[in-house]
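Listed below, chain by chain, are the residues.
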Amino acid sequence: MAPWKKLKPEFWDYVDAAAGPFSHLFNFRRIWQLAVLLAVGVAVVPLVVITAIDYQVTQKSIESEIALRTSRLVSNTRRAVSFFLEERRSALDFIVRDNTFADLNDPERLQAILRNLKNAFGGFTDLGVIDPLGYQRTYAGPYRLEGVDYSLQAWYKEVLERGIHISDVFLGFRQVPHLIIAVKHEVGSGTHFVLRATLDTERFNHLISHPEIAGGGDAFLINREGKLQTPSLSHGKVLDTLSLPIPAYSKNTELIEEEDSQDNLNVVGYAYIENAPFILMIMKNKKELMKPWSKTRLYLMGFLAASITIILVVILGVATYLVNKIYLADQKRLTMLHQVEYSNKMATIGRLAAGVAHEINNPLAVINEKAGLIKDLFSMREECARDEKLMNTINGILSSVERCAKITRRLLSFMRNTGVIAEGINVKETIQEVLVFLGKEAEYRSFHLSIQADEGVPPITSDRGRLQEILLNVINNSFAAMQDGGHLEVTVKRFKEHGVSVTVKDDGCGIPKADLERVFEPFFSTRTGKGGTGLGLSITSGLVQELGGEIRVDSEVGKGTSFTILLPINIEKKE
Amino acid sequence: MKVLLVDDEHELVSTLAERLSLRGIQADWAINGEDAMSLAEKNTYEVAVLDVKIPRISGLELKRRLHAKLPAMKFIFMTGHGSEDDYRSCSAETGEGCYLVKPVNIEDLIQKMNELIKASEVRP
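Below: a short report on this structure. Since we're looking at a predicted model, the values are computed, not measured. (Residues numbered from 1 in each chain as written. Chains lettered and ligands numbered in written order. Predicted model: local features only at pLDDT ≥ 70, side-chain atom pairs only at ≥ 80, totals over all residues. Heavy atoms only, no water.)

Our next topic: the packing of helix H2 (residues 33-42) of chain B against helix H3 (residues 59-69) of chain B. Residues and elements named next belong to chain B. Running from N to C, H2 and H3 cross one another at 10°; their axes reach a closest spacing of 10 Å. Taken together, the axes of H2 and H3 are roughly parallel relative to one another. Contact residues: Gly33, Ala36, Met37, Ala40 and Glu41 in H2; Leu62, Arg65, Leu66 and Lys69 in H3. (Axes fitted to C-alpha atoms, helices over the stretch in contact; angles between N-to-C directions. Helix = DSSP H or I, 4+ residues; strand = E, 2+ residues; numbered from the N terminus. Parallel < 35°, antiparallel > 145°, perpendicular 65-115°, else oblique. Contact = heavy atoms within 4.5 Å.)

What follows is the structure, encoded as structure tokens:
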């Protein structure tokens, strides 16, 4: 979980112990979550909706484009096939109208007509003239079929009935697929004859194998029974039975979707050819057709994924940055609040101390004068002046008064003004003064105290009261961590060009790494219940900042802690 | 040298006066402003040692009145309080160093008085 630890913002695990009933206002994790949720919702939902709509629309339009193209292809091909058949039927029609029965029964004439048909239209194999009784009277073509009786065949009956017949494709004598077109001509007075032509289906196949169908597509004709009339790429040879169901009759071009035996979805377009027993079928592999769509879809999805990723990264980043700013501002506010609280307390203590000092100073002054007078009087009398015990006693009183005076003066110095008062300070002397304050405790607990100041440390311009308080707090903090007989070392050094560093190093119990970054937080204390308020170092840090400086801490559990206070040489210049 | 001591602490001023006289300095004392003013009516003092807080009148006010009466007189303030404000206002009135916090060492006091007189002699 190391990367998470690195990414985890400062406010994540923060719990404002002092906020009480308003703690929900300072639940930064919640604020963050809410901000992220709202921003993500507002940004991502419309994007997803728009993308989904676009997806649908694009898919639909591509599908309809495919349908349109397929349908157009089917229609065009149907027209071509119809035209092909119609053209040949019309040719035959023209021949029977242009020639009398007798003309056509002239074998040479019929041969000439067949030749002309082959040259002009192509696809004709043979021609036969059938008399009203159903016998083929004359034949032009590769076989000898004169005299064949067609009168009982179904197609002949149909021609008589409808005037035209177009047959299914069948394999003739040569095992070559072909079909028959036959037309009846009424000569008048109830008599008639039939012209029968065999057509090669090669031209047919050529019509259907359209270049547009390429790429998984297939186009073929079937008859009404579902037998293939032209070869198919995937459904077999001519006259094989189609594996798919025969599509329902429709006058127009129709589109259906069907799954083939390999589970491929096919778009099937079909059309019934007018006046012929054929159904045109064009099949296209849907997957193949949708290929451009899947590419578009990939782009669309990629775009969506990239956008969402960017949005998430930006939202997470911005939310974290802003909430962290709020958090830091709140921390600053808390520190200030506590500092104000602390200053008030100190001011109160200061006033109290000053009052006490004043009250004591007056009687002290009286004792001082009275004892002084006694000493003066004794000094004038020779026997008393020589009485060592007497003089020692008097001097004892006077030196005690002096000690009391020192204490009250120090108490008085506690009361200081709230604004920063810049004055020249010798840092080493200030440290000594502070250590004198703590001298008694150090003595009782047998601490070894040492001060080391480098030669080149200049006097600094700063606020004496605040500096004293900073040192007092830091050294007190060290004392609390030290065992009896411990060592405390205060080092004063020059720091860079415009600074002085004061390092307070103890050999106390040290601070665990996890706590190290929180020691300057207000109300963070490991001594709660043992007299620690958790305010000392937070106020110290605030005071150092007021002096334009910086405080750092370095510690190792079991070895000790060192606090380094960096101060500008001139606070006024710094500001 | 003739000195006027003013402090509401009777024991203090009387003893201090006695000690000064043992050192050859004639010292009169008063425990309030009125007494101090009436003493100043009758005598001339070179130096006045005033408490900052005396009954009914502030040390500063008394200093101004005495100064009006005896312009050559020098002043030293003496206080048990030693607040920043007092220090500032008194220093502004008399100059640096004429502000002593009780209890005062008598030798220091005499030295300060001598310094003040000497300074006034140099600058007539």
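Let us now look at the environment of Leu16 of chain B. Counting through the fold element by element, Leu16 of chain B comes out in helix H1 (residues 10-22). In this structure the C-alpha to C-alpha distance between Leu16 of chain B and Leu5 of chain B, which are 11 residues apart in sequence, comes to 8.3 Å. Contact partners of Leu16 of chain B, with chain neighbours within four places excluded, come to Glu369 of chain A together with Leu5, Ile106 and Leu109 of chain B.

What follows covers the packing of helix H11 (residues 427-437) of chain A against helix H13 (residues 464-481) of chain A. Residues and elements named next belong to chain A. At a minimum axis separation of 10 Å, H11 and H13 run at an interaxial angle of 55°. The angle between H11 and H13 falls in the class oblique. By crossing handedness, the relation of H11 to H13 is classed as right-handed. Contact with H11, carried on its side by Thr430, Ile431, Glu433, Val434, Leu435 and Phe437, involves Arg464, Leu467, Gln468, Leu471, Leu472 and Ile475 of H13 and no other residues of that element. For the contact of H11 with H13, the residue count by class is eight nonpolar, two polar and two charged. (Left-handed = near helix turned anticlockwise from the far one by under 90°. Nonpolar A, V, L, I, M, F, W, Y, C, P; charged D, E, K, R; others polar.)

The next thing to look at is a nonpolar patch on the surface. Residues and elements named next belong to chain A. Taken together, the side chains of Ile310, Val314, Val318, Tyr321 and Leu322 define a hydrophobic patch exposed on the protein surface, amounting to about 490 Å² of accessible area. Along the chain, Leu322 turns up in helix H8 (residues 291-380). Overall, Leu322 belongs to the partly exposed group, its relative accessible area being 46%. (Patch = residues over 30% accessible without salt bridge, like charges linked within 9 Å, V, L, I, M, F, W, Y side chains within 5 Å. Areas by Shrake-Rupley, 256 points an atom, 1.4 Å probe, with all protein chains shown as cover. Salt bridge = Lys/Arg side-chain N within 4 Å of Asp/Glu carboxyl O. Buried < 20%, exposed > 50% of the residue type's maximum accessible area, 1.4 Å probe, protein only.)

Residues and elements named next belong to chain A. Membership of the largest hydrophobic core comes to 41 residues, with the highest contact counts inside it found for Ile431, Ile460, Leu471, Ile475, Phe479 and Ile565. Elements with a minimum of two residues in this core: H11, H13, strand E14 (487-495), strand E15 (499-506), helix H15 (536-546), strand E16 (550-556) and strand E17 (560-568). Setting aside anything within four residues of it in sequence, one finds Ile475 in contact with Val434, Leu435, Leu438, Leu488 and Val504. Ranked by size, the runner-up nonpolar core spans 39 residues in total, among them Val81, Leu127, Val238 and Ile273. (Core = buried A, V, L, I, M, F, W, Y, C linked by side-chain atoms within 4.5 Å.)

Let us now look at the sheet that holds strand E3 (residues 47-51) of chain B. Strand pairing in a sheet relies on backbone hydrogen bonds. The paired strands run either parallel or antiparallel. Residue and element names in this part refer to chain B. Across the sheet, which stays open at both edges, the five strands sit in the order E2-E1-E3-E6-E7 with parallel pairing between neighbours. Lying at the two open borders of the sheet, with one neighbouring strand each, are strand E2 (26-30) and strand E7 (99-101). Within the sheet, the average angular offset between the axes of one strand and its neighbour, ignoring direction, is 20°. In the packing of H3 onto the sheet, the strands contacted are strand E1 (2-6), E3 and strand E6 (74-79), and the crossing angle to E6 comes to about 165°. (Pairing = 2+ DSSP bridges.)

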